[in-house]
Amino acid sequence: MGALRASELDTHGMIGVGKVYEWYRDGMIESDDEVAVSTNPDTFEPISVPLINMRETLKAALAAGLVNEKEHEDLLELSINTYYPDRSYLGLTKEGVKKRADTGRKKRKRLLDFCINSEVDIKRQDAVLVLETVKKLIEERNY
């Protein structure tokens with residue numbers, strides 16, 4: 001949510017960093033559900049996948065040849081239309097890849113494995129960049 005807030009407040013001096021901030025700032029994404037996740041109330045661990053990560057992971061699956069252009073578009077549309085607390089790679093692959101033939105099950109498994117093991121975690125990447133930026137700003141002000 002920090003990137004969304006930074007895009008709203010950067011004209012007032014808030015410093016925004018990262019891809020998500022840039023996407024909000026440039027109007028490529030607009031909805032707050034792009035970054036929203038549900039968390040376990042006891043551990044605060046995420047139990048859903050943010051849409052921005054699904055977008056980038058599906059783009060990587062397309063680039064890797066795991067899905068074709070039409071499948072990519074359909075899976076992305078399904079992701080967008082899924083309520084944010086219900087977004088998961090398991091749900092996406094179950095719903096998105098037809099369960100017809102044996103090849104469908106194999107493709108679903110390959111896609112699920114890819115999404116889980118090769119997820120493009122934009123939120124994490126941006127969080128690391130925020131920490132690096134804060135450290136740099138602190139170091140600059142101490143000298």
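What counts, and at which threshold
- Residues numbered from 1 in each chain as written.
- Predicted model: local features only at pLDDT ≥ 70, side-chain atom pairs only at ≥ 80, totals over all residues.
- Heavy atoms only, no water.
- Helix = DSSP H or I, 4+ residues; strand = E, 2+ residues; numbered from the N terminus.
- Polar contact = N/O pair within 3.5 Å; in protein donor to acceptor, adjacent residues only side chain to side chain.
- Contact = heavy atoms within 4.5 Å.
- pLDDT = per-residue confidence, 0-100.
- Buried < 20%, exposed > 50% of the residue type's maximum accessible area, 1.4 Å probe, protein only.
- Arc of directions from axis to C-beta.
- Phe/Tyr/Trp six-rings, centres within 6.5 Å; stacked < 30°, edge-to-face > 60°.

Colleague: Got a minute to help me understand the side chain of Ser48 in this structure?
Modeller: Structurally, Ser48 can be placed in the loop between α2 (19-25) and α3 (51-63). A polar side-chain atom of Ser48 sits 2.8 Å from the main-chain amide nitrogen of Ser38. Separated by 3.4 Å, the side chain of Ser48 and the backbone oxygen of Tyr84 make a polar contact. For Ser48, the contacting residues outside a window of four places in its chain are Val37, Ser38, Tyr84, Pro85 and Arg87.

Colleague: How should the confidence of the model for the protein be read in this particular structure?
Modeller: When pLDDT is low, close inspection of the predicted coordinates is not appropriate. Mean pLDDT over the protein stands at 89; residues scoring 70 or higher make up 94%. Averaged pLDDT values for the elements of the protein fall to 78 in helix α1 (residues 2-9) and rise to 97 in α3.

Colleague: Looking at this model, I keep getting lost on α1. Mind explaining?
Modeller: It helps to recall that an α-helix has 3.6 residues per turn; residues three or four apart then point in one direction. Looking at α1, one finds that the buried residues are Ala3, Leu4, Ala6 and Ser7. Relative to the axis of α1, the buried residues are bounded by an arc of 165° and lie together on one face.

Colleague: Whenever I open this one, the packing of aromatic side chains confuses me. Can you help?
Modeller: Aromatic ring pairs are defined here through the distance separating the ring centres and the angle between the ring planes. Tallied over the full model, the rule gives one aromatic pair. Taking the centre distance of 5.2 Å and the plane angle of 65° together, the rings of Tyr83 and Tyr84 count as edge-to-face. Of the residues examined, Tyr84 reaches a relative accessible area of 26% and is grouped as partly exposed.

Colleague: Before we go on, may I ask you to explain the environment of Tyr21 in this structure?
Modeller: On the secondary structure map, Tyr21 appears in helix α2. For Tyr21, a relative accessible area of 7% puts it in the buried group. Linking Tyr21 and Glu8, residues 13 residues apart in sequence, is a C-alpha distance of 9.6 Å. Within polar-contact distance, the side chain of Tyr21 engages the side chain of Asp10 at 2.6 Å.

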